[in-house]
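Structural overview
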Amino acid sequence: MDSIKKKIQAVIYDLDGTLTKPILDFDKIRAELGIVDGSVWETILEMPANQREQAERILLQYELQAAKSAELNEGAKEILDILNRRNIRYAILTRNCRQAWEIVRDKFSLNVSLAFTREHGHLKPDPLAVLQITEALKISAENSLVVGDYLFDIQAGKEAGAKTALIVHKDKLPDYAVLADYIIRNLLEISDIIDNGKL
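Here we summarise the structure given alongside this text. (Residues numbered from 1 in each chain as written. Predicted model: local features only at pLDDT ≥ 70, side-chain atom pairs only at ≥ 80, totals over all residues. Heavy atoms only, no water.)

This part covers the sheet that holds strand S6 (residues 182-184). The six strands are arranged S3-S2-S1-S4-S5-S6 in an open sheet whose pairing can be described as parallel. Two strands in the sheet have a free side with no partner beyond their single neighbour: strand S3 (115-116) and S6. The pairing of strand S2 (residues 89-93) with S3 spans two bridges and is classified as parallel. Paired with Leu-93 across the bridge in S3 is Phe-116. Seen against the sheet, helix H5 (residues 76-85) touches strand S1 (10-13) and S2 and runs at an angle of roughly 155° to S1. In the packing of helix H9 (residues 189-196) onto the sheet, contacts are made with S1, strand S4 (144-148), strand S5 (163-167) and S6, and the angle to S6 comes to roughly 150°. (Pairing = 2+ DSSP bridges. Helix = DSSP H or I, 4+ residues; strand = E, 2+ residues; numbered from the N terminus. Contact = heavy atoms within 4.5 Å. Axes fitted to C-alpha atoms, helices over the stretch in contact; angles between N-to-C directions.)

In structure tokens:
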């Protein structure tokens, strides 16, 4: 039987803005680093060595402070408990550094055994990390749901062949919302997706 309930065997979560409430102010970070527009990390990688080193330190400070101040999004712990009871695997895929993830993990006692951070090397929107996570979980990417709050999350999931859910915190949907398979406002809605395949 080709039902969504049969298909979704794992959920891959973004961190900031998804499991946790959005706190990183990327416009402020860009302003401090002198970045006019575009992706912060990719722009840092293109900087001369000495400038890049300083920019990495500044970004790290922002990420660690955000991690220490983090609050879980509504339904975060509850949905993980639901997935545990249903034997549905889950993982973290974030562009944040590992240290920031570990702070959040320990702060909220999150029982997540698999987490790919920036140090892994394949950053969203590159779908490779999604494929490597599903391989590690021993499932097909088609049997996974990628959940995030930004375009890169949806692009990575779609390119890997996964289902995608965009969590939206504002009234107005972003333009790229049309790319997602599902739009959610609360993480507990993931349970509805698994049960019914629609909201």
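Soluble, globular proteins show a tendency: their nonpolar side chains are buried together. Counting residues in hydrophobic clusters, the biggest one holds 35 residues, and the most contacted among them are Val-11, Tyr-13, Val-147, Leu-187 and Ile-190. Among the elements that line this core, the one with the most residues is H5, at five residues. Among the nonpolar cores identified, the runner-up in size contains 15 residues, and Leu-114, Phe-116, Val-130 and Leu-137 belong to it. (Core = buried A, V, L, I, M, F, W, Y, C linked by side-chain atoms within 4.5 Å. Buried < 20%, exposed > 50% of the residue type's maximum accessible area, 1.4 Å probe, protein only.)

For the rest of this paragraph, the subject is unusual backbone geometry. Among all residues save glycine, negative phi is the norm, and among peptide bonds the norm is trans. Geometrically, the link from Lys-124 to Pro-125 is a cis peptide bond, its omega value of 15° lying close to zero. Despite not being glycine, Asn-87 has its phi angle at roughly 60°, a positive value. Relative to the helices and strands, Asn-87 is located in the loop between H5 and S2. Of note in this structure, Lys-138 is not a glycine but carries a positive phi near 60°. With respect to the helices, strands and loops of the structure, Lys-138 is situated in the loop between helix H7 (128-136) and S4.

What follows deals with the pattern of salt bridges. For the structure on display, the rule yields 11 salt bridges. For Asp-106, the salt bridge is made with Arg-105, and the minimal N-O distance between the two is 3.0 Å. Look at Arg-105 and you get partly exposed, because its relative accessible area is 26%. We note a salt bridge from Asp-181 to Lys-158, for which the minimum N-O separation is 3.4 Å. Taken as a pair, Asp-181 in the loop between S5 and S6 and Lys-158 in helix H8 (residues 151-160) lie far apart in primary sequence, 23 residues in all. Taking the relative accessible area as the measure of exposure, Asp-181 reaches 33% and is therefore partly exposed. What makes Lys-158 partly exposed here is its relative accessible area of 39%. Bridged by salt links that share partners, the residues Asp-14, Lys-124 and Asp-153 form one connected network. (Salt bridge = Lys/Arg side-chain N within 4 Å of Asp/Glu carboxyl O.)

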